[in-house]
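Remarks on the overall topology
Here's the letter readout for the chains.
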Amino acid sequence: DPQQLELATSGKRKLRRFIVIDEVVDELYGSKVREYFEENNVQHKILALPTTEETKSMDLVLNILQEVQNFSIDRRTEPIIAIGGGVCLDIVGLAASLYRRRTPYVRVPTTLLSYVDASVGAKNGVNFLQCKNKLGGYTPPVASFLDRSFIQSIPRRHISNGLGEILKMALMKHKGLFDLLKSHGKYLLDTKFQSYSGSASHGDAALQTTRIAIETMLEELAPNLWEDDLDRLVDFGHLISPELEMRVLPSLMHGEAVNIDMAFMTYVAHARGLITAEEKEQIIQCMRGLELPVWHGGCSWPLIKRALMERLKHSGGQPRMPLPTGLGVAEIFNDTSEETLERAYKLWVRD
């Protein structure tokens, strides 16, 4: 609305922003964020919160909304800003979607996982009754601001965690991205996805991998933003992992649980004859190179069966199982027998 834009930028009214920031990010960058708003003469409220899978609940959403109400924002011209990892972006997205039915919000991801995954798309949500993201909605942000410099302060394990979601897109859609991860995985871990002028031998691997991962994710999500079509390649690694992740909290991070799921499904694809033994080995070796777990004791056969039964309930009575049919290509299958799954499981455990 031109009139609202004029009002917001004319200086007749002081700019105001409500910011939710993860408490760990606040310790590292909070002073810079405050300095930025003060220098730009923006009246602001910064709410630092512990945003973890354990705190990802409606209680935290309601805490945020209480503070939003106290600050009193204009629901058209004053977007709520979320600065943090995927959990923070999910919680704030849900809070914004509920306040006055829909208040705009901005995503600022600070981890590699949220940079390539939670920053893209329309979904938000919280955990409920020990189930991952059981409550939520589809409200896209007005913007996602991507800045890789945040990633330099996160631990190496968190970088590896984000590489799990990048590998997902590589295996489903992009052989070139898979080759990049295979060739430059250790370098990306060592340099924490920063770009250096002295890194000519690696091209700009950090920029290339993040750009391709986000572009392939957008290709998949944009035509199906509200998940009207339940056949989704981006669900690879997300059939068993939600059950596993919630069961063993906090021992596995999201990208690690996804990778364990992908490792098992790689064995399923091999057991079905969709990929060769050599391709299976290449995928598992790439995972190891990215320092991702390829197996977990908590991922038992009963848990897998339970997770797949839960999947049937929420995907129209079909498993809709994305499986690699080569490196960087995939299809969705509804006809994998229990005998094939069990055979794949036994081989996976043996290896």
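Residues numbered from 1 in each chain as written. Predicted model: local features only at pLDDT ≥ 70, side-chain atom pairs only at ≥ 80, totals over all residues. Heavy atoms only, no water.

1. Concerning helix H2 (residues 23-39)
- Spanning 17 residues, H2 covers 22 Å between terminal C-alpha atoms, matching the ideal 24 Å at 1.5 Å per step.
- The sharpest bend along H2 reaches about 70° and sits at Tyr29.
- By the burial criterion, the buried members of H2 are Val25, Asp26, Tyr29, Gly30, Val33 and Phe37.
- In this structure, the buried side of H2 is in contact with strand S1 (16-22), strand S2 (43-49) and strand S3 (80-84).
- Its side-chain oxygen 2.9 Å from the backbone nitrogen of Val24, Asp22 forms the N-cap of H2. (Helix = DSSP H or I, 4+ residues; strand = E, 2+ residues; numbered from the N terminus. Expected span 1.5 Å × (residues − 1). Bend = angle between axes of the 7 residues up to and from the residue. Buried < 20%, exposed > 50% of the residue type's maximum accessible area, 1.4 Å probe, protein only. Contact = heavy atoms within 4.5 Å. Polar contact = N/O pair within 3.5 Å; in protein donor to acceptor, adjacent residues only side chain to side chain.)

2. Describing the packing of helix H10 (residues 254-271) against helix H11 (residues 277-289)
- Put simply, H10 and H11 touch, their axes get as near as 9 Å, and they point 170° apart. One finds that H10 runs roughly antiparallel with respect to H11. Residues Asn259, Met262, Ala263, Thr266, Tyr267 and His270 of H10 form the contact with H11, whose own contacting residues are Ala277, Lys280, Ile283, Ile284 and Met287.
- Along the lines of polarity and charge, the residues of the contact of H10 with H11 split into 7 nonpolar, 3 polar and 1 charged. (Axes fitted to C-alpha atoms, helices over the stretch in contact; angles between N-to-C directions. Parallel < 35°, antiparallel > 145°, perpendicular 65-115°, else oblique. Nonpolar A, V, L, I, M, F, W, Y, C, P; charged D, E, K, R; others polar.)

3. Comments concerning the domain arrangement of the chain
- Structurally, the chain comprises domain 1 (14-152) and domain 2 (155-195 + 202-223 + 232-350).
- Contact residues are listed per partner, giving 20 residues for domain 1 and 29 residues for domain 2.
- Scanning the region where domain 1 abuts domain 2 turns up 2 salt bridges.
- Lys132 serves as the salt-bridge partner of Glu245, at 3.3 Å between the closest nitrogen and oxygen. (Domains from an automatic or database assignment. Salt bridge = Lys/Arg side-chain N within 4 Å of Asp/Glu carboxyl O.)

4. Some details on the sheet that holds S2
- The 5 strands lie next to each other as S2-S1-S3-S4-S7, forming an open sheet whose pairing is parallel. Both outer strands of the open sheet, S2 and strand S7 (143-144), are each paired with one neighbouring strand and no more.
- Of the strand pairs in this sheet, strand S4 (residues 105-109) and S7 are connected by 2 bridges, and their pairing is parallel. The partner of Arg107 across the bridge, within S7, is Ser144. (Pairing = 2+ DSSP bridges.)

5. Regarding the environment of Pro109
- Looking at the secondary structure, you find Pro109 in strand S4.
- The class of Pro109 is buried, set by a relative accessible area of 1%.
- Note: C-alpha distance between Pro109 and Leu89 (20 residues apart in sequence) is 7.4 Å.
- When near neighbours in sequence (up to four residues on either side) are disregarded, Pro109 contacts Gly84, Leu89, Ser114, Tyr115, Ser119, Phe145, Leu146 and Phe150.

6. A look at unusual backbone geometry
- The omega torsion of the bond from Leu249 to Pro250 falls at 0°, within 30 degrees of zero and hence cis.
- Note that Pro250 resides in the loop between helix H9 (241-247) and H10.
- One non-glycine residue, Leu129, lies in the positive phi region at around 55°.
- Along the chain, Leu129 turns up in the loop between strand S5 (123-128) and strand S6 (131-138).
- Looking at Leu129, the relative accessible area reads 63%, which means it is exposed.

7. Section: the UniProt feature "domain: 3-dehydroquinate synthase N-terminal" (unreviewed entry) in the chain
- Mapped onto this structure's residue numbering, the UniProt feature "domain: 3-dehydroquinate synthase N-terminal" (unreviewed entry) falls at residues 48-160.
- Note that residues 48-160 is 35% helix and 25% strand, and that its end C-alpha atoms are spaced 26 Å apart. (UniProt positions renumbered as here; feature names shortened; annotations may be inferred.)

8. Focus: the packing of helix H3 (residues 58-71) against helix H4 (residues 86-98)
- Closest axis-to-axis distance for the H3/H4 pair is 9 Å, and the angle between their directions is 60°. On the basis of the axis angle, H3 is oblique to H4. For the crossing formed where H3 meets H4, the hand is right-handed. Here Met58, Leu60, Val61, Ile64 and Leu65 of H3 lie close against H4, whose contacting residues are Ile91, Val92, Leu94, Ala95 and Leu98.
- Its residues assigned to classes, the contact of H3 with H4 shows 10 nonpolar, no polar and no charged. (Left-handed = near helix turned anticlockwise from the far one by under 90°.)

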